[in-house]
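So you can see what is in the structure, the chains are spelled out below.
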Amino acid sequence: KKNNYVVKNNLAENRFNIANQIVNPSYISFWSAFSYYGYTEQQIRAIQLVSIKQVKNLKFKGLFIETTTFKPKEFFGYTRINNFVIAEKEKLIIDCLYKPEKCGGIDELKKCLKNSWQDINQKNLLSI
């Protein structure tokens, strides 16, 4: 992207930030967010984003960026952590219920939900 630079040595540690900069606005969700929060042991190769823009999947210096387009009214429930934007834990569950194939299917979602249940605010989850 024009006028955006990254030091090649820091590519892996800044991959979420880079993905958010390439696809803007966006937030990390699905399996990528489950992995970041530690709710799955799966090693995720693609960085999965949600955006209101239609963007083709991208490959950049060994990073695979997969974007799922949501309607503007569905684009909420995210927070900034360090230098990147990621789904809040409760919204992550909703996103995965909406598109279970993006997090490994219903069985993987069930496992991740069980692993995350103590960390999420169930009242907030039910109000979404």
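Scroll up for the structure.
Residues numbered from 1 in each chain as written. Predicted model: local features only at pLDDT ≥ 70, side-chain atom pairs only at ≥ 80, totals over all residues. Heavy atoms only, no water.

Trainee: What am I meant to see in helix 4 (residues 106-116) here?
Mentor: Along an α-helix, a turn takes 3.6 residues, which lines up residues three or four apart on a common side. Among all positions in helix 4, only Glu 108, Leu 109, Cys 112 and Ser 116 are buried. All buried residues of helix 4 fall inside an arc of 100 degrees around its axis, so they share one side. With respect to the buried face of helix 4, the exposed residues turned more than 90 degrees away are Ile 106, Asp 107, Lys 110 and Lys 114. Considering only its buried residues, helix 4 is in contact with helix 2 (30-37) and helix 3 (89-98). (Buried < 20%, exposed > 50% of the residue type's maximum accessible area, 1.4 Å probe, protein only. Helix = DSSP H or I, 4+ residues; strand = E, 2+ residues; numbered from the N terminus. Arc of directions from axis to C-beta. Contact = heavy atoms within 4.5 Å.)

Trainee: Help me understand the pairing of strand 5 (residues 78-81) in this model?
Mentor: Direction of pairing for strand 5 relative to strand 6 (residues 84-87): antiparallel, over a ladder of four bridges. Looking across to strand 6, one finds that Tyr 78 is bridged to Ala 87. From the end of strand 5 to the start of strand 6, which pair antiparallel, there are two residues, and Asn 82 there has a positive phi angle of about 55 degrees. (Pairing = 2+ DSSP bridges.)

Trainee: Looking at this model, I keep getting lost on the pattern of salt bridges. Mind explaining?
Mentor: Side-chain pairing between opposite charges can occur once the charged atoms of the two side chains come close. This model, assessed by the stated rule, comprises four salt bridges. Residues Lys 111 and Glu 41 are paired through a salt bridge, measuring 2.7 Å at the closest nitrogen-oxygen approach. Taken together, the residues span a long stretch of sequence, with Lys 111 in helix 4 and Glu 41 in the loop between helix 2 and strand 2 (46-51) at a distance of 70 residues. Exposure remark for Lys 111: the relative accessible area of 27% places this residue in the partly exposed category. Across the salt bridge formed by Glu 66 and Lys 102, the nearest N and O atoms sit 3.3 Å from each other. Residue Glu 66 is found in strand 4 (residues 63-69), and its partner Lys 102 is found in the loop between helix 3 and helix 4; the two are separated by 36 residues along the sequence. (Salt bridge = Lys/Arg side-chain N within 4 Å of Asp/Glu carboxyl O.)

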